[in-house]
Amino acid sequence: MNCKPGDLAYLSNECVQAGVVVEVLAAVPGELPTWRCRSRTPISCTRALTGKQEMSTSFVVEDRYLRPISGVPVKDECEDEVTA
């Protein structure tokens with residue numbers, strides 16, 4: 001899987017809303033790896049049960065459409081003081 005709960009990710013180029021940054025909230029049980037996500041701004045979603053298009057900030061996305069945003073790990077590698 002690409003993501004884990006708490007990650008920030010963006011929707012990949014394969015999505016209609018490509019590039020939108022989302023917060024990964026929780027795994028959704030099912031056959032495919034899927035996540036409940038939240039965005040700051042509403043995006044166009046198709047509801048699975050009704051097929052209806054609507055705008056929402058909370059939605060479900062398959063893992064394959066998410067690309068995690070990772071930064072450089074913060075680590076202090078300085079072990080000794082430098083004397084002048």
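Residues numbered from 1 in each chain as written. Predicted model: local features only at pLDDT ≥ 70, side-chain atom pairs only at ≥ 80, totals over all residues. Heavy atoms only, no water.

## Quick look at the pairing of strand S4 (residues 53-62)
Now for step 1: In terms of strand pairing, strand S3 (residues 34-46) meets S4 through 9 bridges, oriented antiparallel. Note on S4: the bridge partner recorded for arginine 36 is valine 60.
Now for step 2: In textbook terms, the turn of a hairpin is the stretch between consecutive antiparallel strands, and for S3 and S4 this stretch comprises 6 residues, one of which, glycine 51, has a positive phi near 75°. (Pairing = 2+ DSSP bridges. Helix = DSSP H or I, 4+ residues; strand = E, 2+ residues; numbered from the N terminus.)

## A word on the nonpolar core
Now for step 1: Counting 14 residues, the largest nonpolar core has Leu11, Val22, Val24, Cys37, Phe59 and Leu66 as its most contacted members.
Now for step 2: Counting only elements with at least two residues in this core, the list comes to strand S1 (8-11), strand S2 (21-28), S3 and S4.
Now for step 3: A per-element tally of this core places S3 first, with 4 residues.
Now for step 4: Ignoring any residue separated from it by four or fewer positions in sequence, one finds leucine 11 in contact with Gln17, Ala18, Gly19, Val20, Val22, Ile43, Val61, Tyr65 and Leu66. (Core = buried A, V, L, I, M, F, W, Y, C linked by side-chain atoms within 4.5 Å. Buried < 20%, exposed > 50% of the residue type's maximum accessible area, 1.4 Å probe, protein only. Contact = heavy atoms within 4.5 Å.)

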